[in-house]
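What the coordinates show
Here's the letter readout for the chains.
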Amino acid sequence: MNMNTSEVLDLSKENIQPLKQGRNAAKLGTALQAQTNAELHQKLLAEREEFELLIRMYEGDDPLKPHYDYVRWIEQSFPKHGPESNLVQILENTLTAFKDDERYKQDVRYAELLIKYIDTQPNPVEIYQLVYNQGLCTMCAPFYKAWADELDKHNDVKNADQVYELGIRVNAQPLELLKEAHLRFQLSVGRRMLGRQDECDEEELEYNRQALHKLHKQNVYSVRDPKGAPGQVKQQTLGSRNSQSSGAPFKVYQG
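So, a few notes on the structure that sits alongside this text. Values in this document were obtained by computation on a predicted structure and should not be read as measured data.

**Quick notes on helix α4 (residues 64-77)**
Taking 1.5 Å of rise per residue, the 14 residues of α4 would be expected to cover 20 Å, and the 20 Å separating its terminal C-alpha atoms lies within 8% of that figure. With 11 of 14 residues buried, α4 lies mostly within the body of the structure. Of all the positions in α4, only Leu64, Pro66, His67, Tyr68, Tyr70, Val71, Trp73, Ile74, Glu75, Gln76 and Ser77 are classed as buried.

What follows is the structure, encoded as structure tokens:
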């Protein structure tokens, strides 16, 4: 029995992993139908092989780009992010391959991939601190926002606010995105104190989507200091009152 896109979405929506940048409805429908349609499934596998071939054969001056495009395609094409997507391993391989490349230590795309990977780990607060201490993505506004968001999830409002202030102080880019996110965070804290959590969650989700859209539209990836060297902030350890200490291994970055 063939089902239309809306029927497939209704049956599968509880298993679809949300994306901060939102999902392409047409791609989502195709991806879900491919789970039961052999022809569509083979088409997805063929597209995957094309991406992997592009990565292997790439000879341009921006080798991160095909990896970044591949990850974004996987997110849209395998919406449940199950074993078949192999997303976590691909993120890990990509981050490892470029973590010592000076071109990408302050690249917003690298920061995005890093954030996606950290989201899959059991000890994200520890990892953000570790990555920060290594001077990676320390001039990228999305890094500070994601770190602050994670602290906020653990009800560590004080340190979340400190992370925002840290990013603003070092002029992380895009700075306006970070300043706006900081303001919204402060408003969110106030609303929660007044018992308006549902309204806050809905507005935050929409804001995240719009912010990522603006970031991609700007098409500015690498952030550097005025001297042309990768930006780096002074190492410091924020308070760990609510940080996790699971001790789970983190394969990409070692302290």
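This is not the end of the story, as more comes after the structure.
**Focus: the packing of helix α5 (residues 87-98) against helix α6 (residues 108-118)**
Where α5 meets α6, the closest approach of the two axes is 10 Å, and the angle between their N-to-C directions is 135°. Taken together, the axes of α5 and α6 lie oblique to each other. Taken as a pair, α5 and α6 cross one another with a handedness that is left-handed. Contacts between α5 and α6 involve Val88, Leu91, Glu92, Thr94, Leu95 and Phe98 from the former and Tyr110, Leu113, Leu114, Lys116 and Tyr117 from the latter.

**Here we look at the nonpolar core**
Judged by nonpolar contacts, the single largest core of 50 residues is most densely connected at Phe143, Tyr144 and Trp147. It is α6 that provides the largest number of residues to this core, a total of eight residues. Structurally, this core is a two-domain feature, drawing no fewer than three residues from each of domain 1 (1-85) and domain 2 (88-195).

**A word on the pattern of salt bridges**
As enumerated under the stated definition, the model contains 11 salt bridges in all. Between Glu75 and Lys116 there is a salt bridge, with the nearest N and O atoms lying 3.0 Å from each other. Pair noted here: Glu75 is in helix α4 and Lys116 is in helix α6, with a separation of 41 residues, a long-range link. Each of the two residues, Glu75 as well as Lys116, counts as buried. Note that Lys145 is salt-bridged to Asp149, the shortest N-O span being 2.9 Å. Taken together, the positions of Lys145 and Asp149, both in helix α8 (residues 141-153) and four residues apart, correspond to about one turn of that helix. The structure contains a network of salt bridges with shared partners spanning Asp62, Asp107 and Arg109.

The rules behind these values
- Residues numbered from 1 in each chain as written.
- Predicted model: local features only at pLDDT ≥ 70, side-chain atom pairs only at ≥ 80, totals over all residues.
- Heavy atoms only, no water.
- Helix = DSSP H or I, 4+ residues; strand = E, 2+ residues; numbered from the N terminus.
- Expected span 1.5 Å × (residues − 1).
- Buried < 20%, exposed > 50% of the residue type's maximum accessible area, 1.4 Å probe, protein only.
- Axes fitted to C-alpha atoms, helices over the stretch in contact; angles between N-to-C directions.
- Parallel < 35°, antiparallel > 145°, perpendicular 65-115°, else oblique.
- Left-handed = near helix turned anticlockwise from the far one by under 90°.
- Contact = heavy atoms within 4.5 Å.
- Core = buried A, V, L, I, M, F, W, Y, C linked by side-chain atoms within 4.5 Å.
- Domains from an automatic or database assignment.
- Salt bridge = Lys/Arg side-chain N within 4 Å of Asp/Glu carboxyl O.

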